[in-house]
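The primary structure of each chain is shown beneath.
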Amino acid sequence: MKNSEMTVREIVQLGGGPKGLYARLKELADEEVISEKAVYAWRQKGIPERHWQFVQRVCGVTAEQLHRANEALRQRRVVESQAA
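Residues numbered from 1 in each chain as written. Predicted model: local features only at pLDDT ≥ 70, side-chain atom pairs only at ≥ 80, totals over all residues. Heavy atoms only, no water.

Caption draft 1: Representation of the overall build of the protein within the structure. Of the regular secondary structure elements, the protein holds five helices and zero strands. In sequence order, the protein lays out its α and β elements as α-α-α-α-α. A compact globule built from 84 residues would reach a C-alpha radius of gyration of about 12 Å, and the protein, at 13 Å, matches this within 12%. In the protein, which comprises 84 residues, the proportion classed as buried is 33%. The contacts in the protein between residues at least 6 apart in sequence include a share of 58% that link residues at least 24 apart. Split by element, the accessible area of the protein, about 5400 Å² in all, is 49% carbon and sulfur. If you average the places of the 14 positive and of the 11 negative side-chain charges in the protein, the two averages end up 5 Å apart. (Helix = DSSP H or I, 4+ residues; strand = E, 2+ residues; numbered from the N terminus. Rg over C-alpha atoms; globule rule 2.2 N^0.38 Å. Buried < 20%, exposed > 50% of the residue type's maximum accessible area, 1.4 Å probe, protein only. Contact = heavy atoms within 4.5 Å. Areas by Shrake-Rupley, 256 points an atom, 1.4 Å probe, with all protein chains shown as cover. Lys, Arg positive; Asp, Glu negative; His and termini not counted. Charge placed at Lys NZ, Arg CZ, Asp CG, Glu CD.)

Okay, here's the thing in structure tokens:
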């Protein structure tokens, strides 16, 4: 496992990229809990907490890593929106 300062993009890559991660998440879930399009959007919007348990299992990351990655992404988006 990498250090705790991972990006959302890196976490998604650990799961095989958006397409691979979606396929693995779909295998774990009892029902359709997410769309492939949503997984692609995570790289820009962050990973919703309701999916963290599955992402943790598939990608081997902790809740703390997911939280930090989401916060860093949100902070970057705020800075970019203020600069625009």
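There's plenty left to go through after this.
Caption draft 2: Fine view of the environment of glutamate 64. Within the element layout of this structure, glutamate 64 appears in helix H5 (residues 63–83). Given the relative accessible area of 41%, glutamate 64 is considered partly exposed. When the C-alpha positions of glutamate 64 and glutamate 5 are compared, they lie 9.5 Å apart, and in sequence the two are 59 residues distant.

Caption draft 3: Representation of H5 in the model. Spanning 21 residues, H5 covers 30 Å between terminal C-alpha atoms, matching the ideal 30 Å at 1.5 Å per step. Within H5, the full set of buried residues consists of Gln65, Leu66, Ala69, Asn70 and Leu73. Down the axis of H5, the buried side of the element spans an arc of 130 degrees, and every buried residue falls inside it. The exposed set on the far side of H5, more than 90 degrees from its buried face, consists of Val79, Gln82 and Ala83. Looking at the packing, one finds that the buried side of H5 touches helix H1 (8–14), helix H3 (36–45) and helix H4 (52–59). (Expected span 1.5 Å × (residues − 1). Arc of directions from axis to C-beta.)

Caption draft 4: How the structure looks around the packing of H4 against H5. Remark: H4 packs on H5, axes separated minimally by 10 Å, with the N-to-C direction vectors making an angle of 110 degrees. Considering their axes alone, H4 and H5 lie roughly perpendicular with respect to each other. Judged by residue contacts, Trp52, Val55 and Gln56 of H4 engage Ala63, Leu66, His67 and Asn70 from H5. Residue classes in the contact of H4 with H5 are distributed as four nonpolar, three polar and no charged. (Axes fitted to C-alpha atoms, helices over the stretch in contact; angles between N-to-C directions. Parallel < 35°, antiparallel > 145°, perpendicular 65-115°, else oblique. Nonpolar A, V, L, I, M, F, W, Y, C, P; charged D, E, K, R; others polar.)

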